[in-house]
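Letter by letter, the chains look like this.
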Amino acid sequence: MSGVFDATTDPALRSWVPVPAECDFPVQNLSLGIVSRAGESPRVGVAIGADVLDLALVAEAGLLEESLPGSRVVLSGASLNALLGRGRSAWTALRARLSRLLAVDDQTLRDVPGLVERALYPRTQARMRLPFAVGDYVDFYSSIEHATNLGRLFRPGAEPLLPNYRHIPIGYHGRSSTIVVSGTPIVRPCGQRRPDPQRGPVFGASAALDIELEIGFVTGPGNALGTPISIAAAREHIYGLVLVNDWSARDIQAWEYQPLGPFLGKSFATSISPWVVSLAALEPYRVAGPVQEPEPLPYLRTAEAWNYDIALSVELQSAQMARAGTAPLTISRPNFKKMYWNMAQQLAHATVNGAVTRPGDLFASGTISDVEPDFGSLIELTWRGAHPIRLPDGSQRAFLQDGDSVRLLGHAGGGAAPRIGFGEVSGSVSAADLGTTSTEVNP
Ligand code: MN
């Protein structure tokens, strides 16, 4: 931990809501999400211990209006976008107020008759929605370890890093409308692929379905067209982070990606975690990133530490393991702190041409890899299938099979420091919908 704590991240803080040991959501976290119970409209909730506090009901009681004017409307909406649009001063005021209301020595919520009984309930009862309506979606390629591995796999014999890699944060625009919340089933995509380089392409279900372990940031108020966000202003525009699983069909991707980059091999589904962890909660875990050599151009330079020490893990469970009650296998444990390009550089770069961002835009990091074997995708972990993963049920995996479940987890802190966790982003693979096109045609 790098160690700059404030009144809301102070390790000594305790809540009157019980927080189990090793819980991702102590009072220092205060992650926000969109929740509902049976018969309820979706609204903003805050995760606390094993519970969720319904902020629409707290706002209705008038307890948040002073810190967040318009709180009744902002917190009863079906997305976080209105709050994201308010900007950092509003985010800071709301966080400070929630920290106080949940502190062990504060009676305010409990003094309102019936409020806690209605507004505080187990997270297991909450149906989690997509936390924000995703506007534009960008996916970067900011792990130099991942870029090097993919370069070796896709362009064997050539220099793995292309000449631009150390000069610009490489990225592409993805498909925001297929971003789904954790738990949404992932249907195996169909498309064109070319399994035999001596022959033409075939159509069918992807035979190389993969994951990408990523963290994405969501933006706040936004900039005016033609007015870039400087790297010094990036913090005013980034609310917080979610876990991202960028499901990837490697065979579709390999055939389609040149010369314009990822398209249908990525756009069928991208999963995100339901709780948004604020930068404010992660502040004590901010660390310096790797030395950038050569030094980037001036608009990408910052003296600030912009990396975050977030321990991540990838879990895989087959359908057979689930049926037998076998726990998922942890197949990788990378850390976010090693990313070559940080999110301030990513945002400055994405807007340097004057492009706009809006509340709810999502910028994902790119696959987070570390030194072997802690890679963030199966194509790296199995070296394109050459070294399959052995599962406890006796089967092997080069890529995902139908019925497989993947769970990504992440947290900062832990031990003596408050654990600022992300919860999880999970998804299970279901069989392709072949419809009337099931016959593979190989001309
Ligand atoms: Mn990706």
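Owing to the predicted nature of the structure, the values given are computational and were not obtained by experimental measurement.

Trainee: Just checking my understanding: could you explain the overall build of the protein chain for this structure?
Mentor: A tally of regular secondary structure across the protein chain gives twelve helices and 26 strands. For 443 residues, the compact-globule estimate of 2.2 N^0.38 gives 22 Å, and the C-alpha radius of gyration of the protein chain, at 22 Å, lies within 12% of that figure. If one aligns the C-alpha atoms of the protein chain with their principal axes, the spans along those axes are about 75 × 55 × 40 Å. Burial analysis of the protein chain (443 residues in total) assigns 54% to the buried set. Side chains of the protein chain give 37 positive and 43 negative charges; the mean places of these two sets differ by 2 Å.

Trainee: Please explain the pattern of salt bridges as it appears in this structure.
Mentor: Using the criterion set out here, one finds 23 salt bridges in the structure. For D370, the salt bridge is made with K338, and the minimal N-O distance between the two is 2.7 Å. With D370 in the loop between β22 (362–364) and α12 (378–381) and K338 in the loop between β21 (329–332) and α11 (343–351), this residue pair connects regions lying 32 residues apart in the sequence. Overall, D370 belongs to the buried group, its relative accessible area being 9%. The exposure class assigned to K338 is partly exposed, which follows from its relative accessible area of 30%.

Trainee: It is not clear to me how helix α4 (residues 88–102) should be interpreted in this structure. Could you clarify?
Mentor: Every α-helical turn comprises 3.6 residues, leaving residues that sit three or four positions apart pointing alike. In this model, α4 (15 residues) spans 21 Å end to end at C-alpha, consistent with the 21 Å of a helix rising 1.5 Å per residue. If you check which residues of α4 are buried, you get R88, A90, W91, L94, R95, L98, S99, L101 and L102. Across the axial projection of α4, the buried residues extend over an arc of 165 degrees, all falling on one side.

Trainee: What is the right way to read the domain arrangement of the protein chain from this model?
Mentor: Accessible area lost when the parts come together is the quantity often used to give the size of an interface. Each domain of the protein chain was delimited in the assignment, giving domain 1 (32–127) and domain 2 (137–430). One C-alpha centre belongs to domain 1, the other to domain 2, and the line joining them spans 30 Å. Contact with domain 1, which involves 16 residues of that partner, is made by 18 residues of domain 2. Summing the contributions of domain 1 and of domain 2, the shared interface buries around 1,300 Å²; its carbon and sulfur component is 66%. Summed over the shared surface of domain 1 and domain 2, the number is zero salt bridges. Seen at the junction of domain 1 and domain 2, the total is four residue pairs in polar contact (both at pLDDT 80 or more).

Trainee: Mind showing me how you'd approach the pairing of strand β20 (residues 311–317) here?
Mentor: Across a regular strand the side chains alternate sides, sitting on one face of the sheet and then on the other. Most of β20 is tucked away, with six of its seven residues classed as buried. Bridge count between β20 and strand β25 (residues 405–414): seven bridges; the pairing is antiparallel. Residue pairing across strands places A311 opposite H411, the latter belonging to β25. Sheet topology places β20 next to β21; three bridges connect them, and they run antiparallel. Counterpart to V314 in the pairing with β21 is S332.

Trainee: Please clarify how the coordination of the manganese ion should be interpreted in this entry.
Mentor: Six octahedral donors around a metal ideally subtend angles of 90 or 180 degrees, whereas four tetrahedral donors ideally subtend 109.5 degrees. Of the protein atoms, only D139 (OD), E212 (OE), E214 (OE) and D246 (OD) coordinate the manganese ion, at distances of 2.1 Å. Positions of the donor residues of the manganese ion along the chain correspond to the pattern D-x72-E-x1-E-x31-D. For the residue pair E212 and E214, the accessibility class agrees, reading buried in each case.

Trainee: In this structure, what is going on with the nonpolar core? I would like to understand it.
Mentor: Note on soluble globular proteins: their nonpolar side chains tend to be buried together. One finds L241, L282, I310, F336, M343 and L400 to be the most contacted residues of the largest nonpolar core, which totals 59 residues. Aside from chain neighbours lying at most four places away, what touches L241 is I215, G216, F217, W275, V276, V277, L279, L282, I310, F336, M343 and F422. Counting 46 residues, the second-largest nonpolar core is a separate cluster that includes L55, L101, V134 and V218.

Trainee: Even after reading the chapter, I still don't get the sheet that holds strand β9 (residues 186–187), so can you show me in this structure?
Mentor: Neighbouring strands of a sheet are bound in pairs by backbone hydrogen bonds; such pairs are parallel or else antiparallel. One open sheet holds the five strands; their spatial order is β9-β26-β25-β20-β21, and the pairing between them is mixed. Two strands bound the open sheet, and with one partner strand each, they are β9 and β21.

Trainee: Would you mind showing me how to read α11 here?
Mentor: Of all nine residues that make up α11, eight are buried, and the element is covered over most of its length. Those residues of α11 that fall on the buried side of the exposure criterion are M343, A344, Q345, Q346, L347, A348, H349 and T351. Two to three positions downstream of the cap, the backbone nitrogen of A344 sits 3.0 Å from a side-chain oxygen, assigning the N-cap of α11 to N342.

Trainee: It is not clear to me how the packing of aromatic side chains should be interpreted in this structure. Could you clarify?
Mentor: Enumeration according to the criterion identifies eight aromatic pairs in this entry. Judged by centre distance (6.3 Å) and plane angle (75 degrees), the rings of Y141 and Y165 are edge-to-face. In this pair, Y141 sits in the loop between β6 (137–140) and α6 (144–154) while Y165 sits in the loop between α6 and β7 (171–173), placing the two residues 24 residues apart along the sequence. Taking relative accessible area as the criterion, Y141 reaches 28% and is therefore assigned partly exposed. Of the residues examined, Y165 reaches a relative accessible area of 2% and is grouped as buried. A centroid spacing of 6.1 Å and a plane angle of 45 degrees characterise the contact between Y165 and Y340, whose relative ring orientation is tilted.

Conventions adopted
- Residues numbered from 1 in each chain as written.
- Predicted model: local features only at pLDDT ≥ 70, side-chain atom pairs only at ≥ 80, totals over all residues.
- Heavy atoms only, no water.
- Helix = DSSP H or I, 4+ residues; strand = E, 2+ residues; numbered from the N terminus.
- Rg over C-alpha atoms; globule rule 2.2 N^0.38 Å.
- Buried < 20%, exposed > 50% of the residue type's maximum accessible area, 1.4 Å probe, protein only.
- Lys, Arg positive; Asp, Glu negative; His and termini not counted.
- Charge placed at Lys NZ, Arg CZ, Asp CG, Glu CD.
- Salt bridge = Lys/Arg side-chain N within 4 Å of Asp/Glu carboxyl O.
- Expected span 1.5 Å × (residues − 1).
- Arc of directions from axis to C-beta.
- Domains from an automatic or database assignment.
- Contact = heavy atoms within 4.5 Å.
- Buried area = accessible area lost by both parts, 1.4 Å probe.
- Polar contact = N/O pair within 3.5 Å; in protein donor to acceptor, adjacent residues only side chain to side chain.
- Pairing = 2+ DSSP bridges.
- Donors = N, O, S within 2.8 Å, 3.2 Å for Na, K, Ca; no water.
- Core = buried A, V, L, I, M, F, W, Y, C linked by side-chain atoms within 4.5 Å.
- Phe/Tyr/Trp six-rings, centres within 6.5 Å; stacked < 30°, edge-to-face > 60°.

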